[in-house]
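Breakdown of the fold
Residues per chain, in single letters:
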Amino acid sequence: MLKKETVNVNLSSCSRLLHPMHTVLVSCAGKTAKPNIITLAWAMPTSIDPPLVAVSIRPERHSYALIEETEEFVVNIPTIDILKETLFCGRKSGSKHDKFKKTGLTPLPARKVKPPIIKECVAHLECRLHRKFKTGDHTIFIGEVTEAYADKEAFSEGEYNLRKAKMIFHVGGNEFATLRIRKFKPKL
Ligand SMILES: Cc1cc2nc3c(=O)[nH]c(=O)nc-3n(C[C@H](O)[C@H](O)[C@H](O)COP(=O)(O)O)c2cc1C
């Protein structure tokens, strides 16, 4: 019997085996509270029709209460140009910091939802809460995408221009990666 050498991974950090994860900035706003930004590595599309995206958020986060309150959020796609700001939004809480002010990121009005989009990001998916459910110590918020748009130079003909849109991938801790552009198109 062939065996391979493995290393055991603590179950409390087994999610790291799924990283690097594409990292997003979710903007949200309460009814009265200031708009906020939360960095998330746990985000993914879950349906094409209707267009749905899921984000997984711990109840302790300030953003959690804001999304529950207005049932709207925007998934913004950051690039390596705003890596420091992305880390800041993932290490500091909106309960103590005005993250737009502190990072210098620019809020712009969204088309259909109350939370602003983040100008410095290359793409934006405006979402209305479709459904939410608790999964262990996080809650998955599923957003129905009501508007989706991207910077002209960053996205065309249905795909990103990866030279322009240098997206951020979370490796673990404070470590991030970006893509080295080598595209592959295997023939089947
Ligand atoms: C790269 C990175 C990825 C993160 N991913 C998530 C995530 O998927 N879900 C989550 O609840 N928190 C995640 N966090 C932690 C929150 O972003 C962090 O607790 C943030 O300060 C919460 O802000 P808030 O209190 O203003 O909502 C992540 C942090 C970093 C740095």
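Please read all numbers here as calculations on a predicted model, not as lab measurements. (Residues numbered from 1 in each chain as written. Predicted model: local features only at pLDDT ≥ 70, side-chain atom pairs only at ≥ 80, totals over all residues. Heavy atoms only, no water.)

Counting through the fold element by element, Thr-39 comes out in strand E3 (residues 36-40). According to the relative accessible area criterion, Thr-39 is buried, its value standing at 17%. Engagement of the side chain of Thr-39 in a polar contact is seen with the backbone oxygen of Thr-86, the distance being 2.6 Å. From its side chain, Thr-39 meets the backbone nitrogen of Gly-90 in a polar contact 3.1 Å long. (Helix = DSSP H or I, 4+ residues; strand = E, 2+ residues; numbered from the N terminus. Buried < 20%, exposed > 50% of the residue type's maximum accessible area, 1.4 Å probe, protein only. Polar contact = N/O pair within 3.5 Å; in protein donor to acceptor, adjacent residues only side chain to side chain.)

Quick look at the sheet that holds strand E5 (residues 52-57) now. On the basis of which strands lie adjacent, the open sheet formed by 7 strands has the order E3-E2-E6-E9-E10-E5-E4 and antiparallel pairing. The two strands at the open ends of the sheet, each matched to only one other strand, are E3 and strand E4 (43-47). In this sheet, adjacent strand axes meet at a mean angle of 35° when their direction is disregarded. Pairing of strand E6 (residues 72-77) with strand E9 (residues 123-135) involves 6 bridges; the strand directions are antiparallel. Bridging from a neighbouring strand, Glu-72 pairs with Arg-128 of E9. The sheet contacts of helix H2 (residues 83-91) involve strand E2 (24-28) and E3, and relative to E3 the element is tilted by about 100°. (Pairing = 2+ DSSP bridges. Axes fitted to C-alpha atoms, helices over the stretch in contact; angles between N-to-C directions. Contact = heavy atoms within 4.5 Å.)

A full pass over the atoms with the stated rule returns 7 salt bridges. The partner of Arg-58 in a salt bridge is Glu-60, and the shortest N-O contact between them spans 3.3 Å. Judged by relative accessible area, which is 26%, Arg-58 ranks as partly exposed. Accessibility expressed as a relative area gives 56% for Glu-60, which makes it exposed. A salt bridge links Arg-58 to Asp-137; the shortest N-O distance between them is 3.7 Å. (Salt bridge = Lys/Arg side-chain N within 4 Å of Asp/Glu carboxyl O.)

So, on to unusual backbone geometry. Residues His-19 and Pro-20 are joined by a peptide bond in cis, for which omega reads 5°. Along the polypeptide, Pro-20 turns up in the segment before strand E1 (21-22). A cis geometry characterises the amide bond from Asp-49 onward to Pro-50, with omega recorded as 5°. Positionally, Pro-50 belongs in the loop between E4 and E5. Of note, Glu-71 is a non-glycine position whose phi angle comes to about 55°, a positive value. When you line up the elements, Glu-71 lands in the loop between helix H1 (62-70) and E6. Taking the relative accessible area as the measure of exposure, Glu-71 reaches 42% and is therefore partly exposed.

A few words on the site of the ligand. Near the ligand you find 23 residues, and of these Asn-36, Thr-39, Ser-63, Ser-93 and Gly-94 are the closest. Between Lys-92 and the ligand, the recorded distance is 2.8 Å, taken from a backbone N or O atom to an oxygen atom. Burial of the ligand by the surrounding chains reaches 91%, relative to a free accessible area of 650 Å². Of all the secondary structure elements, the ones that give two or more residues to the shell around the ligand are E3, E5, H1 and H2. Per-class residue counts for the shell around the ligand are 8 nonpolar, 10 polar and 5 charged. (Near = heavy atom within 4 Å. Areas by Shrake-Rupley, 256 points an atom, 1.4 Å probe, with all protein chains shown as cover. Nonpolar A, V, L, I, M, F, W, Y, C, P; charged D, E, K, R; others polar.)

The strand order E1-E13-E14 describes an open sheet built from 3 strands, whose pairing is antiparallel. Of all strands in the sheet, those with a lone pairing partner are E1 and strand E14 (175-177), marking the two edges. The pairing of E1 with strand E13 (residues 169-172) spans 2 bridges and is classified as antiparallel. Bridge pairing in E13 links His-22 to Phe-169.

A few words now on the environment of Asp-137. Looking at the secondary structure, you find Asp-137 in the loop between E9 and strand E10 (138-150). Once the C-alpha coordinates of Asp-137 and Ser-56 are considered, the two residues, 81 residues apart in sequence, prove to be 9.7 Å apart. Ignoring any residue separated from it by four or fewer positions in sequence, one finds Asp-137 in contact with Arg-58 and Pro-59. Within the local environment of Asp-137, its side chain forms a polar contact with the side chain of His-138, the two groups lying 2.9 Å apart.

Bear in mind that shape data such as this cannot, by itself, settle questions of function.
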